[in-house]
Amino acid sequence: MSEVEVKGLAKRFGRNIVVEDVSFQVKDGEFFVLLGPSGGGKTTILRMISGLEPPTRGTVWIDHQDITKQPPHIRNVGVVFQDLGLYPHMDVYNNIAYGLEVRKVSKEEIGKRITEAANKLELKPILNRSIEDLSGGERQRVALARALVKSADVYLFDEPLSNLDPPLRLQARQEMVMVHNLKKKPTVYVTHDQAEAFAIAHRMAVIVKGKILQTGTPTELFRKPVSLFVAQFIGTPRMNILDVDIVHSDPRYSLIGEGIYFTLPSRWTKTLKDRKLTRVKLGIRPDAIIPEWAFSELDHSEYFLTCGQIIRLEARVGETSVWLKIGTMSEILAVFETQKDVYLQVGQIINIGIHREQIYLFDPKTELSLWPSE
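Conventions we followed
- Residues take numbers from 1 onward in each chain, read along the sequence in its written order.
- Totals for whole chains, interfaces and linings use every residue, but because this is a predicted model, local features are given only for residues with pLDDT of at least 70 and side-chain atom pairs only at 80 or more, for both listing and counting.
- By convention in this description, side-chain values take in all heavy atoms of the structure and omit both hydrogens and water.
- Under the scheme used here, helices are H or I runs from DSSP no shorter than 4 residues and strands are E runs no shorter than 2 residues, and both carry numbers assigned from the N terminus.
- Partly exposed describes any residue whose relative accessible area lies between the buried limit of under 20% and the exposed limit of over 50%, with all areas from a 1.4 Å probe on protein chains only and scaled to the type maximum.
- Under the convention used here, a 1.4 Å probe and the Shrake-Rupley method define accessible areas, while residue burial counts only the protein chains that appear.
- The sign given to each residue is positive for Lys and Arg and negative for Asp and Glu; His and the chain ends receive no count.
- To locate a charge, the coordinates of NZ of Lys, CZ of Arg, CG of Asp or CD of Glu are taken.
- A score between 0 and 100, pLDDT records how confident the predictor is in each residue.
- Take the buried residues of types Ala, Val, Leu, Ile, Met, Phe, Trp, Tyr and Cys, join any two whose side-chain atoms come within 4.5 Å, and each joined set is a nonpolar core.
- Contacts are residue-level and defined by heavy atoms, with any inter-residue pair within 4.5 Å sufficient.
- Here, any two strands with at least 2 DSSP bridges between them count as paired.
- A helix is expected to span 1.5 Å for every residue after the first.
- We call two N or O atoms a polar contact when they sit within 3.5 Å, provided that within protein one can donate a hydrogen and the other can accept it, with sequence-adjacent residues counted only if both atoms are side-chain atoms.
- Interaxial angle, 0 to 180 degrees, is taken between N-to-C directions of lines fitted to C-alpha atoms, where a helix line uses only the stretch in contact.
- Aromatic rings from Phe, Tyr and Trp, taking only the six-membered ring of Trp, are treated as a pair when their centres fall within 6.5 Å; an angle between ring planes under 30 degrees marks them as stacked, one over 60 as edge-to-face, and anything in between as tilted.

If you check an unreviewed UniProt entry, the chain appears there as ABC transporter ATP-binding protein from Reticulibacter mediterranei.

Here is the structure:
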């Protein structure tokens, strides 16, 4: 069994802190995703794991062995970077074979592994073609084949799909997951695309400015974000955020703001009483807002009710994005399933409902999440 672990990893370039005190563990057979905006230190972390970049501080462990000071060629790591790292002067076969030749694998074994990989990734017809003559999707498959033929302890992927068109990206993603399932080794995958992360991750970490903000399963990060940043970063479209006052209406608390007067369930009482806050940030996901034509299916006691004026509409396949003005100043975005018998227009006022269990509250100063008592 293999696993990879980084402990207190940090990297500085002069005075610039790129990675700061990063720690995580990837278990054998686990697909772990580092998700975050560009410039967050994700690629640098992969380079430190692979040995291409020495850490300023911290350690890298593979299979319970500290390999921090081992040179790259000693570490048994398979890497696919964004630029794919293919050799343009070589044909497909030799690009796949090169890493095995460096490790002095026999020609017979190399041929066997390449044949198996080529069959799985549909590369057999182009093994003799030059890399320069290949499409972006074909080059991607060559890079995956090079990872597939290597018997690595850990596999690292640095945004390998970002240069592909959407249809090719989906196909390449499926092929990459296939490679992972065949190898069943710990995999660390870097991306800024949350849809991609949610599609492939067993667990994931949100990383911003060199720091990990939260680690967990995709469902955990979506349902229980630790902060306002994570809540807005995870989920498309972004979570609506409204500034609201807190009023203690014994024994419970109420939220009062533009177009909002919500009395919170009693399980929020202890949290808000202990914090002694007078204002909070209220988070509402667009798909948690229910339109009036769906009210007949609701238990009204479970919903906060209000109304809004439509100020913008955007039709999509199967759904409609609706921007609503609530109160006199605030705007929120709702996403409704398209209904054949419902006609919406700008200026129209509609009633909406928000489930009591699908709101989020954040401390306005720390921007950390607030949670009700269990």
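Novice: Looking at this structure, I do not really get the overall build of the chain. What am I missing?
Specialist: Secondary structure summary: the chain contains nine helices and 21 strands in total. Across the 374 residues in the chain, those meeting the buried criterion constitute 48%. If you sum the accessible surface of the chain, you get close to 18900 Å²; carbon and sulfur atoms cover 49% of it. Seen as two clouds, the 48 positive and the 46 negative side-chain charges of the chain have centres 6 Å apart.

Novice: So what exactly am I meant to see when it comes to the confidence of the model for the chain here?
Specialist: Detailed reading of the predicted coordinates is not advisable wherever pLDDT is low. The pLDDT averaged across the chain works out to 90; a share of 98% of its residues lies at or above 70. Of all helices and strands in the chain, the one with the weakest mean pLDDT is helix 5 (residues 166–183) (78), whereas strand 21 (residues 369–370) scores best (98).

Novice: Quick question: what am I supposed to make of the nonpolar core here?
Specialist: For soluble globular proteins, the rule of thumb is that nonpolar side chains tend to be buried together. Counting 44 residues, the largest nonpolar core has V33, I96, L123, V142, M176, Y189 and M204 as the members making the most contacts within it. Take this core: its biggest share by element is seven residues, from helix 4 (residues 136–149). Those residues within four positions of L123 in sequence are excluded, and the remaining contacts are I96, A118, E138, R141, V142 and A145.

Novice: What exactly am I supposed to notice about the environment of V206 here?
Specialist: Assignment of secondary structure puts V206 in strand 9 (residues 203–208). The sequence separation of V206 and G40 amounts to 166 residues, and the corresponding C-alpha distance is 9.6 Å. Among residues more than four places away in sequence, those in contact with V206 are L35, K211, I212, L213, Q214, L221, F229, V230, F233 and I234.

Novice: What am I meant to see in the pairing of strand 14 (residues 279–284) here?
Specialist: The two faces of the sheet receive side chains in turn, since in a regular strand these alternate between them. With five of six residues buried, strand 14 lies mostly within the body of the structure. The pairing of strand 11 (residues 240–249) with strand 14 spans six bridges and is classified as antiparallel. Looking at strand 14, one finds that D243 is bridged to K281. Here strand 14 runs beside strand 20 (residues 359–362); their pairing, made up of four bridges, is antiparallel. Residue pairing in the sheet places G283 in a bridge with Y360 of strand 20.

Novice: Help me understand helix 4 in this model?
Specialist: For an α-helix the count is 3.6 residues per turn, leaving residues at separations of three or four pointing the same way. Its 14 residues place the ends of helix 4 20 Å apart at the C-alpha level, agreeing with the 20 Å of an ideal helix rising 1.5 Å per residue. Most of helix 4 is tucked away: twelve of the 14 residues are buried.

Novice: I'm lost on the side chain of T68 in this one. Help?
Specialist: Within the fold, T68 resides in the loop between strand 5 (65–66) and strand 6 (77–80). A polar contact is formed between the side chain of T68 and the side chain of D66, at a distance of 2.5 Å. Residue contacts for T68: discarding those within four places in its chain leaves P55, G58, T59, V60 and R75.

Novice: Explain helix 1 (residues 42–50) to me, please; I cannot follow it from the model alone.
Specialist: Among the nine residues of helix 1, seven are classified as buried, and the element is accordingly described as predominantly covered. By the burial criterion, the buried members of helix 1 are K42, T44, I45, L46, M48, I49 and S50. Positioned one or two residues after helix 1, G51 has a phi angle of 95 degrees, which is positive.

Novice: Before we go on, may I ask you to explain unusual backbone geometry in this structure?
Specialist: Both trends apply: most residues other than glycine have a negative phi, and most peptide bonds are in trans. Cis rather than trans, the peptide bond between T236 and P237 has omega equal to -5 degrees. Inspection of the secondary structure assignment puts P237 in the loop between helix 8 (228–233) and strand 11. Backbone geometry places K184, a non-glycine residue, at a positive phi of 55 degrees. Mapped onto the fold, K184 is located in the loop between helix 5 and strand 8 (187–191).

Novice: I would appreciate a short explanation of the sheet that holds strand 8 in the present structure.
Specialist: Two modes of strand pairing occur in sheets, parallel and antiparallel, and in both the strands are linked by backbone hydrogen bonds. In space, the six strands of this open sheet follow the order 6-7-8-3-9-10, with mixed pairing throughout. The open sheet has two free edges, formed respectively by strand 6 and strand 10 (211–216), since each of these has just one partner strand. Adjacent strand axes in the sheet meet at a mean angle of 15 degrees, parallel and antiparallel pairs treated alike. Summarising the sheet, strand 3 (residues 31–35) and strand 8 pair through five bridges and their orientation is parallel. Each residue of the ladder has a partner; that of V33, found in strand 8, is Y189. Contacting strand 3, strand 6, strand 7 (154–158), strand 8 and strand 9, helix 1 runs over the sheet at an angle of about 150 degrees to strand 7.

Novice: Is there a simple way to explain the pairing of strand 4 (residues 57–62) in this structure?
Specialist: Of the strand pairs in this sheet, strand 1 (residues 4–13) and strand 4 are connected by five bridges, and their pairing is antiparallel. Bridge pairing in strand 4 links E5 to W61. The sheet contact formed by strand 4 and strand 5 spans two bridges and is antiparallel. Considered in strand 5, the bridge of I62 is made with Q65. In textbook terms, the turn of a hairpin is the stretch between consecutive antiparallel strands, and for strand 4 and strand 5 this stretch comprises two residues, one of which, D63, has a positive phi near 55 degrees.

Novice: I would appreciate a short explanation of the packing of aromatic side chains in the present structure.
Specialist: Inspection of every chain in the model, using the stated rule, returns seven aromatic pairs. Geometrically, the ring pair formed by F24 and F32 is stacked, given 4.9 Å between the ring centres and 15 degrees between the ring planes. Among the residues examined, F24 registers a relative accessible area of 7% and is labelled buried. Relative to F233, the ring of F229 lies with its centre 5.7 Å away and its plane at 15 degrees, an arrangement referred to as stacked. Remark: F233 and F229 occur in helix 8; sequence separation between them is four residues, near one turn of the helix. Judged by relative accessible area, F233 falls into the buried class, the value being 17%. Ring pairs connect the aromatic residues F31, F157 and Y189, which therefore count as one cluster.

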